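Secondary and tertiary structure notes
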Amino acid sequence: LIWAVPLDSAEDSTGRFWAFFPTDTRSRVTGIINAPWKIDFGRSALVPGEYNTAMMRAAAALIVDTIPQITSTDDPGRTLDALPRALEPKDEPAAPLVEEIWTLLAGSAVVPDGTGELRCAESLSLHPIDDHALAARWLALVKDEGALTGVIHPSCLKRQRLSRLKELRSRSKQEFKEPDICEWLEAACATTVTDAKACLSLVAELKKSQQWWFLRERIREAEIVLADTGDLVAAQDAVIDGATEDV
């Protein structure tokens, strides 16, 4: 039983089962799953049955145990590429494999936090925005590592990774904390002119996103404006001095 998974592929494709040669049966996970499957007389497809179901459960255990090994420092979210694709239809041959993988993933440390450390999905919150570039820019501004250990790494927002992460989260019985845009922005700000300007620049970029209209009122409550007292205040509480341009 072997799982061969590409490590440098940018393609978001599903793999196939191999019985020492390729079959036409999709596995719904990336890469190649090679094993002595029971196949049809044409040697082109897996046949349903207890034997193949048992083999798929063993393959699922192998995949879940291996996923943490495919992470990397430059792309921690690569682990999510290994999560299953949606079944089409629900009773297709790969169903036992896919369902067993989702079951074994519960509580498994396969999702990177903001520092790149792998944790279980239940311990991490999403970003309030779905934009990879904005989340990466936020990450560069945060100085408190503690603020990064409770949120997913921005690389989890690439391509189809977020949809798979949401599927994993949806299978948990635990209630997740919803991301708060105020806390998110405040974590990226500090009481220096340079840091405050950088955070406001992030807000300016956020204004270009589709999620701005849902977040703008709440953003006004974030304490990210540096006042002349040296304190950070909310935009809705700031007063601009027209004579001196001080806040």
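First, a word on scope: everything that follows refers to the structure included in this document. (Residues numbered from 1 in each chain as written. Predicted model: local features only at pLDDT ≥ 70, side-chain atom pairs only at ≥ 80, totals over all residues. Heavy atoms only, no water.)

Focus: the packing of aromatic side chains
What the rule picks out here adds up to 2 aromatic pairs. Both rings, one in F17 and one in W37, keep their centres 5.0 Å apart while their planes meet at 75°; by these two values the pair is edge-to-face. Within this pair, whereas F17 is found in strand β2 (residues 16-18), its partner W37 is found in the loop between β4 (32-34) and α1 (50-66), the two being separated by 20 residues in sequence. The same class applies to F17 and to W37, which are both buried. Ring centres of W138 and W184 lie 5.4 Å apart, and the angle between their planes is 5°; this geometry places the pair in the stacked category. A residue pair is termed long-range when its members are at least 10 positions apart, and W138 in helix α3 (residues 132-141) and W184 in helix α5 (residues 181-187) qualify at 46 residues. No difference in accessibility class separates W138 from W184, as the two residues are buried. (Phe/Tyr/Trp six-rings, centres within 6.5 Å; stacked < 30°, edge-to-face > 60°. Helix = DSSP H or I, 4+ residues; strand = E, 2+ residues; numbered from the N terminus. Buried < 20%, exposed > 50% of the residue type's maximum accessible area, 1.4 Å probe, protein only.)

Topic: the side chain of R161
Following the sequence through the fold, R161 ends up in helix α4 (residues 161-170). Once you skip the residues sitting within four places of it in the chain, R161 turns out to touch D75, G77, R78, L80, D81, S155 and C156. (Contact = heavy atoms within 4.5 Å.)

With respect to the packing of α3 against helix α6 (residues 193-206)
Taken N-terminus to C-terminus, the directions of α3 and α6 make an angle of 170°; their axes are 11 Å apart at the nearest point. Our classification of the angle between α3 and α6 gives roughly antiparallel. Touching L134, R137, W138 and L141 of α3 are A198, C199, S201, L202, E205 and L206, all from α6. Here the contact of α3 with α6 is built from residues that sort into 7 nonpolar, 1 polar and 2 charged. (Axes fitted to C-alpha atoms, helices over the stretch in contact; angles between N-to-C directions. Parallel < 35°, antiparallel > 145°, perpendicular 65-115°, else oblique. Nonpolar A, V, L, I, M, F, W, Y, C, P; charged D, E, K, R; others polar.)

Quick notes on α4
Turning to α4, its buried residues number three or more, namely R161, L162, R164, L165, L168 and R169. For α4, the angular spread of the buried residues around the axis is 160°, confining them to a single face. (Arc of directions from axis to C-beta.)

Considerations on the packing of α1 against helix α2 (residues 95-105)
A pair of packed helices is characterised by two quantities: the angle between their axes and the separation of those axes. Their axes nearest at 8 Å, the elements α1 and α2 cross at an angle of 40°. Classified by the angle between their axes, α1 and α2 sit oblique to one another. Here the hand of the crossing between α1 and α2 comes out right-handed. When α1 is examined against α2, the residues T53, M56, R57, A59, A60, A61, I63 and V64 are found in contact with a partner set consisting of P96, L97, E100, I101, L104 and L105. Classifying every residue of the contact of α1 with α2 gives 11 nonpolar, 1 polar and 2 charged. (Left-handed = near helix turned anticlockwise from the far one by under 90°.)

Here's the deal with the pattern of salt bridges
Counted according to the given criterion, the structure contains 12 salt bridges. One salt bridge connects D195 with K143, and the closest N-O pair in it is separated by 2.9 Å. Of this pair, D195 sits in helix α6 while K143 sits in the loop between α3 and α4; the two residues are 52 residues apart in sequence, bridging distant segments of the chain. Relative accessible area serves as the criterion here: at 15%, D195 is assigned to the buried category. Judged by relative accessible area, which is 61%, K143 ranks as exposed. Put simply, D75, D81, K158, R159 and R161 are held in one network by salt bridges that share partners. (Salt bridge = Lys/Arg side-chain N within 4 Å of Asp/Glu carboxyl O.)

Focus on unusual backbone geometry
The step from E88 to P89 runs through a cis peptide bond, and the omega angle for that step is -5°. A positive phi angle is found at R28, which is not glycine, with a value near 70°. The residue R28 is located in the loop between β3 (22-26) and β4 in this model. Taking relative accessible area as the criterion, R28 reaches 7% and is therefore assigned buried.

Brief notes about the environment of A86
With respect to the helices and strands, the residue A86 is situated in the loop between α1 and α2. Assessed through its relative accessible area of 51%, A86 is described here as exposed. Through-space distance from the C-alpha of A86 to that of V151 is 25 Å; in sequence the pair is 65 residues apart.

Comments concerning the nonpolar core
Grouped together as the largest cluster of nonpolar side chains are 64 residues, with contacts concentrated most on I33, W37, L97, L105, V111, W138 and L185. When contributions to this core are tallied by element, the ones reaching two or more residues are α1, α2, β5 (109-112), α3, α4, α5, α6 and α7 (212-219). (Core = buried A, V, L, I, M, F, W, Y, C linked by side-chain atoms within 4.5 Å.)

Brief notes about the state of the cysteines
Applying the stated criterion across every chain yields a total of 0 disulfides. Free of any disulfide, C120 has its nearest cysteine sulfur in C156, 13 Å distant. (Disulfide = S-S within 2.5 Å.)

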